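Take a look at the letters that make up each chain.
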Amino acid sequence: NQAALLDDIDGEGAMNFRDGAIRGVDIPNMVRNLSIETLLGWQQSSDAKTDFTQLSGTYTIENGILTNSDLNLIGPLLRVTGAGTVDIPDKTLSYRVDPKVVASLEGQGGTQDLEGFAVPIRVEGSWSRPRIYPEIEGILQNAQQALDLLKQLGGCLFGGAVSADQQL
């Protein structure tokens with residue numbers, strides 16, 4: 001039966017997509033608009049999307065559980081790395097992604113290690129209604145460094161929204 005087939009899937013593979021979008025979530029906008037409401041988690045929106053120039057990674061599947069440790073997304077103003085699991089039989093996922101909003105419009109062939117503002121994000125739950133929320137402790141571990149990066153990037157990404165005299 002179908003359930004038994006899904007439980008027995010084993011293998012490995014790679015993916016490499018170019019010039020696309022992840023629909024339902026706008027990662028750069030989520031990171032730019034951090035507020036107290038984000039503690040409750042972000043919701044999907046049919047209008048939202050995250051454009052990318054490259055999305056790649058490798059994976060292994062054992063007993064229907066896909067494991068990925070090298071997710072890499074490159075897009076304008078954004079670099080994302082990630083790792084996690086996808087339970088194919090149960091149709092659930094558990095991922096931690098590390099998006100970094102950067103001051104560069106370069107995509108494919110752009111500099112990989114650009115300095116930027118990073119907010120770790122958890123994506124967990126069912127495929128149809130995953131919960132997407134920030135790992136705030138990732139920011140709070142060095143709040144002053146996060147504010148300093150926002151100040152540096154502010155002119156191009158945030159319209160200068162973070163002033164030079166703001167302090168934590």
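From a predicted model like this one, the values you see are computed outputs, not experimental measurements.

Draft legend 1. Representation of the environment of I9. Mapped onto the secondary structure, I9 falls in the loop between α1 (2-7) and β1 (11-23). For I9, the contacting residues outside a window of four places in its chain are I61, E62, N63, G64 and I88.

Draft legend 2. Local environment of the pattern of salt bridges. All chains considered together, the criterion is met by three salt bridges. As a salt-bridge pair, K49 and D51 come within 3.6 Å of each other at their nearest N and O atoms. With its nearest N and O atoms 3.0 Å apart, the salt bridge here joins D98 to R96. Judged by relative accessible area, which is 24%, D98 ranks as partly exposed.

Draft legend 3. A look at the pairing of strand β3 (residues 65-75). Relative to β3, strand β2 (residues 49-62) runs antiparallel, the two being bridged by six bridges. Counterpart to Q54 in the pairing with β3 is I74. Between the antiparallel neighbours β2 and β3 lie two residues, among them N63 with a positive phi of about 55 degrees. Here β3 runs beside strand β4 (residues 78-87); their pairing, made up of nine bridges, is antiparallel. Each bridged residue has a counterpart across the sheet, and for L73 the counterpart in β4 is V80. Following β3, the chain reverses through two residues before pairing antiparallel with β4; L77 in that reversal takes a positive phi of roughly 65 degrees.

Draft legend 4. Representation of the environment of R122 in the model. Counting through the fold element by element, R122 comes out in strand β7 (residues 121-126). Linking R122 and D98, residues 24 residues apart in sequence, is a C-alpha distance of 8.9 Å. Among residues more than four places away in sequence, those in contact with R122 are S94, Y95, R96, R131, I132, Y133 and E135. A distance of 3.0 Å separates a polar atom in the side chain of R122 from a polar atom in the side chain of S94. Only 2.7 Å separates the side chain of R122 from the side chain of E124, close enough to count as a polar contact.

What counts as what
- Residues numbered from 1 in each chain as written.
- Predicted model: local features only at pLDDT ≥ 70, side-chain atom pairs only at ≥ 80, totals over all residues.
- Heavy atoms only, no water.
- Helix = DSSP H or I, 4+ residues; strand = E, 2+ residues; numbered from the N terminus.
- Contact = heavy atoms within 4.5 Å.
- Salt bridge = Lys/Arg side-chain N within 4 Å of Asp/Glu carboxyl O.
- Buried < 20%, exposed > 50% of the residue type's maximum accessible area, 1.4 Å probe, protein only.
- Pairing = 2+ DSSP bridges.
- Polar contact = N/O pair within 3.5 Å; in protein donor to acceptor, adjacent residues only side chain to side chain.

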